[in-house]
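Report on the structure
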Amino acid sequence: MKSNSATRAKTRWETPTDLSGDRSGRSIRRAAEAPRDVFTLYVKTKNFHWHMSGKHFRDYHLLLDEQSQQIFAMTDDIAERARKIGGTTIHSIRDIAEHQRLKDNNAESVPPLDMLAELRDDNKTLTRELRSTHKLCDQHDDVATASLIENWIDETERRTWFLSEIVRS
């Protein structure tokens, strides 16, 4: 017979969703991976925001602040969605570092256009990952996650567009 604490522990991690078994397993795992990349992109965007310099400092500084706020807002929605469908999410900085797919930039100094080009590329990578997760959600009838991802793709493509236009000039 199970103890009450074992029963409570199991009940605590069960989530009220009709997505079950294999239908949700793969989309849960993909949804749980996304916050790590989004948080990595947030930190990198803030890093470049803080370390921006040059003749376009004010414009780039403000752009990256705006973009970082948008990215940070995504982290909570993504993490909560992963939890709603039975997954886990970020536990610590170590957890992010061990599972992130986007690369950090720890360089002491990066030229402004290189910063923007790197963020453009990271946003493109995030868009690809979000599209892949969306396809998986569609295959497993996870329409709520797919719907959220559609908005995130649009936001990420907008960031990519802005950064691309600046780097092009």
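Note that the structure is a prediction, hence the values are computed from the model and not measured. (Residues numbered from 1 in each chain as written. Predicted model: local features only at pLDDT ≥ 70, side-chain atom pairs only at ≥ 80, totals over all residues. Heavy atoms only, no water.)

**Here we look at the overall build of the chain**
The helix and strand tally for the chain stands at six helices and zero strands. Counting from the amino terminus, the chain carries its helices and strands in the arrangement α-α-α-α-α-α. At a minimum sequence separation of 6, the contacts of the chain that also span at least 24 residues come to 81%. (Helix = DSSP H or I, 4+ residues; strand = E, 2+ residues; numbered from the N terminus. Contact = heavy atoms within 4.5 Å.)

**Considering unusual backbone geometry**
With a phi close to 60°, Asp141 is a non-glycine residue in the positive phi region. Mapped onto the fold, Asp141 is located in the loop between α5 (112-139) and α6 (143-168).

**Considering the packing of aromatic side chains**
Here a ring pair, both rings aromatic, is described through the centre-centre distance and the interplanar angle of the planes. Within the structure shown, the criterion is met by three aromatic pairs. Ring pairing ties together the aromatic residues Phe39, Tyr42 and Phe72, which thus form one cluster. (Phe/Tyr/Trp six-rings, centres within 6.5 Å; stacked < 30°, edge-to-face > 60°.)

**Examining the environment of Asp77**
Checked against the element boundaries, Asp77 lands in helix α3 (residues 57-84). Taking relative accessible area as the criterion, Asp77 reaches 38% and is therefore assigned partly exposed. Along the backbone, Asp77 and Pro35 are 42 residues apart, and their C-alpha atoms lie at a distance of 9.0 Å. (Buried < 20%, exposed > 50% of the residue type's maximum accessible area, 1.4 Å probe, protein only.)

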